[in-house]
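So you can see what is in the structure, the chains are spelled out below.
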Amino acid sequence: MTLPNALTSIGYEAFYGCTALTKIAVPNSVTYMDSYVFQNCSKLTSVTLSTALTAISSGLFYGCSSLTSVNIPAGVTSIGSSAFSGCTKLQNVTLPSALETINDQAFYNCKAFTRVTIPKGVTLIGERVFGECDNLTSFSVASGNSSYKVSSNCLVSSKTGLVLTAVPFGLETISIPAGVTYIPAYMFQGDYHLKTVSLPSGVTDIRNYSFQYCSNLVSVTIPASVLRVGDGAFYGCYGLQSAVLNNCPAEIGQYAFAYCDKLSSVDFGSKIRTIGYGAFYSSSSVKTVTIPASVESIGSSAFPSSMEAASFLGAPPSGVSDSRLLSAAKKSYPREHGAEWQKLVGFDSFSGFLLSSMPEVTVVSTTIRPDDPTVMDVVYKVKSSARSVRVRALAFVD
């Protein structure tokens, strides 16, 4: 297609979905192109842009899955959000030295990228700019850039401390640089190359969905500094086999380790505070768990229905209602915590009343059956008449 030399601007979605378009040259008279001009031009392979452009608009080439090359004019200072998102065949592009801003997901899912060089003048890189660039293995930053640097193969912002900006999706092993204090949401989402990740001491927050669908990640050790493992942080990590929460006083978010099919070993350490709703939901290889005394609450459906045994290293947290956990706990509640049975609900086998609801009851003695630690023989008095009853854990209460 040939565009007239008198053309000065191209409007919103001007060539949207033109699936027969294969090549186009934008004349140098064009100074402005609106958003999504070439969106979903699925057969477009090459483009020559006007040298007069100073910005690449949002979604300009969104979904141009056949695009292999494009020149970014020397005067361009900003690249809009999702500008090249889904350009799965786009080869490495040269970013102009005038560039200052790369907005969210600008090159998301550009699977043919293998390397990226950040120019000297770039001061802002948005979220997930290079997310799911599956073959990207290296970053470099031009000399003189005071905003970004490369550390341990990762691109980090150095403006205020170290902030993880982008990671190379083409590597199997990644060590997060020391000094990083949080893993941004969605940072590694869909990184199927990743097998091993090392998190530094000092990380306090693993944010929502940060490692979701890292299907080949085998193991993870959470540093003692972590205060929160976000919702869905490791959701769908089907290859994950072990998770060690290294005595961190963390809250485990909703569905944090859900659908981790091979996860069989979970070490909570001794300081975990909260296990959220569905935290290990449908992680069917989790058969046994030991809940530390530090746990204050456990959400519903926190563990898979296939779990076989659970034990508490202290008083069970109040208000636990998860039938899966209760069922497993009945099989393995440790004898050495017999005193904590005073916090369990017991039924009078004759009257059906809760012992704890009868103010005239005085417990005389309690004995845990040696052959079944989930059963306790209780001798008690109702007013002055002695009775005995055998009680079993049915639910946990204060």
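Residues numbered from 1 in each chain as written. Predicted model: local features only at pLDDT ≥ 70, side-chain atom pairs only at ≥ 80, totals over all residues. Heavy atoms only, no water.

Student: If you had to explain the overall build of the protein to someone new, which residues and values would you point to?
Tutor: When its secondary structure is counted, the protein shows 1 helix and 30 strands. The buried share of the protein, reckoned over its 398 residues, is 48%. For the protein, contacts bridging at least 24 residues in sequence account for 27% of all contacts bridging at least 6. Surface exposure of the protein reaches about 17000 Å², of which carbon and sulfur atoms provide 49%. (Helix = DSSP H or I, 4+ residues; strand = E, 2+ residues; numbered from the N terminus. Buried < 20%, exposed > 50% of the residue type's maximum accessible area, 1.4 Å probe, protein only. Contact = heavy atoms within 4.5 Å. Areas by Shrake-Rupley, 256 points an atom, 1.4 Å probe, with all protein chains shown as cover.)

Student: Tell me what's going on with the pattern of salt bridges, and back it up with residues and numbers.
Tutor: Across all of its chains, the model carries 6 salt bridges by this definition. Between R228 and D205 there is a salt bridge, and its shortest N-O distance comes to 4.0 Å. Taken together, the residues R228 in strand β20 (residues 228–229) and D205 in strand β18 (residues 205–206) connect sequence positions 23 residues apart. Here D205 falls in the buried class, since its relative accessible area comes to 15%. The residue D231 makes a salt bridge to R228 at a minimum N-O spacing of 3.9 Å. Accessibility expressed as a relative area gives 21% for D231, which makes it partly exposed. Residues joined by salt bridges that share partners form a network here, namely D205, R207, R228 and D231. (Salt bridge = Lys/Arg side-chain N within 4 Å of Asp/Glu carboxyl O.)

Student: Talk me through empty space enclosed by the protein; I want residue IDs and the actual numbers.
Tutor: Scanning the entire structure with this criterion turns up 2 cavities of 30 Å³ or more. Within this model, the largest cavity holds a volume of roughly 50 Å³. Together, R128, V129, F130, G131, T165, A166, V167, F169, Y186 and M187 line the largest cavity. Classifying every residue of the lining of the largest cavity gives 7 nonpolar, 2 polar and 1 charged. (1 Å grid on protein atoms, 1.4 Å probe; cavity = no way out; pocket = protein on both sides within 12 Å on 5 of 7 lines; lining within 4 Å. Points joined across faces, edges and corners; volume = space filled by probe spheres on them. Nonpolar A, V, L, I, M, F, W, Y, C, P; charged D, E, K, R; others polar.)

Student: Provide a residue-level description of unusual backbone geometry, including the pertinent values.
Tutor: One non-glycine residue, S82, adopts positive backbone phi at about 55 degrees. Its place among the elements puts S82 in the loop between β7 (78–79) and β8 (101–102). Residue N109 is not a glycine yet carries a positive backbone phi of 65 degrees. Inspection of the secondary structure puts N109 in the loop between β8 and β9 (115–118).

Student: Could you give me a rundown of the confidence of the model for the protein, with the residues and numbers involved?
Tutor: Interpretation of this model should avoid reading the predicted coordinates in detail wherever pLDDT is low. In the predicted model, the protein carries a mean pLDDT of 85, and 79% of its residues have values of at least 70. Every residue in residues 331–358 scores below 50 in pLDDT, and together they form 70 contacts with partners more than four places removed in sequence or on other chains. (pLDDT = per-residue confidence, 0-100.)

Student: Tell me what's going on with the sheet that holds β8, and back it up with residues and numbers.
Tutor: Across the sheet, which stays open at both edges, the 4 strands sit in the order β5-β7-β8-β10 with parallel pairing between neighbours. Because the sheet does not close on itself, it has two edges, and the strands there are β5 (55–56) and β10 (124–125). Two elements, β7 and β8, share 2 bridges in a ladder whose sense is parallel. Along β8, the bridge assignment pairs S78 with T101. (Pairing = 2+ DSSP bridges.)

Student: Go over the environment of Y238 with me, naming the residues and quoting the values.
Tutor: Within the element layout of this structure, Y238 appears in the loop between β20 and β21 (242–245). Y238 gets classed as partly exposed once you look at its relative accessible area, which sits at 37%. For the pair Y238 and C214, spaced 24 residues apart in sequence, the C-alpha separation works out to 7.6 Å. Among all residues touching Y238, those that are not within four sequence positions of it are Y213, S215, Y259, D261 and K262.

Student: So what's going on with the packing of aromatic side chains? Residues and values would help.
Tutor: Enumeration according to the criterion identifies 22 aromatic pairs in this entry. Centroid distance F84 to F107: 5.1 Å. Interplanar angle 0 degrees. Geometry classified as stacked. Placement of the pair is F84 in the loop between β7 and β8 and F107 in the loop between β8 and β9, with a sequence separation of 23 residues. We note that F84, like F107, is buried. Ring geometry for Y259 against Y281: centres 5.8 Å apart, planes inclined by 65 degrees, an arrangement best described as edge-to-face. In this pair, Y259 sits in the loop between β22 (251–252) and β23 (265–267) while Y281 sits in the loop between β24 (274–275) and β25 (288–291), placing the two residues 22 residues apart along the sequence. Exposure remark for Y259: the relative accessible area of 29% places this residue in the partly exposed category. Judged by its relative accessible area of 28%, Y281 is partly exposed. The structure contains a cluster of three or more aromatic residues connected by ring pairs, namely F15, F38, F61, F84, F107, F113, F130 and F139. (Phe/Tyr/Trp six-rings, centres within 6.5 Å; stacked < 30°, edge-to-face > 60°.)

Student: Describe the nonpolar core, with residues and values.
Tutor: Of all hydrophobic cores here, the largest spans 54 residues; its most connected members are F188, F234, F257, F268 and I275. For this core, the elements supplying multiple residues, two or more each, are β13 (154–157), β19 (219–222), β21, β25 and β27 (309–312). Apart from residues lying up to four places away in sequence, F268 is in contact with L245, I252, I275, F280, V289, T290, I291, P292 and F303. (Core = buried A, V, L, I, M, F, W, Y, C linked by side-chain atoms within 4.5 Å.)

Student: So what about the sheet that holds strand β12 (residues 148–151)? Which residues, and what values?
Tutor: If you trace the 3 strands from one edge of the open sheet to the other, you get β12-β13-β14, paired in antiparallel fashion. Here the strands that pair on one side only, and so sit at the sheet edges, are β12 and β14 (163–166). Taken pair by pair, the neighbouring strands of this sheet meet at an average axis angle of 45 degrees, ignoring direction. Alignment of β12 against β13, held across 4 bridges, turns out to be antiparallel. What sits directly across from K149, in β13, is V156. (Axes fitted to C-alpha atoms, helices over the stretch in contact; angles between N-to-C directions.)

Student: Can you break down the environment of Y16 residue by residue, with the values?
Tutor: Counting through the fold element by element, Y16 comes out in the loop between β1 (9–10) and β2 (23–25). Along the chain, Y16 and V37 lie 21 residues apart, while their C-alpha atoms are 6.0 Å from each other. Residues within four places of Y16 in sequence aside, it is in contact with V37, Q39 and N40.

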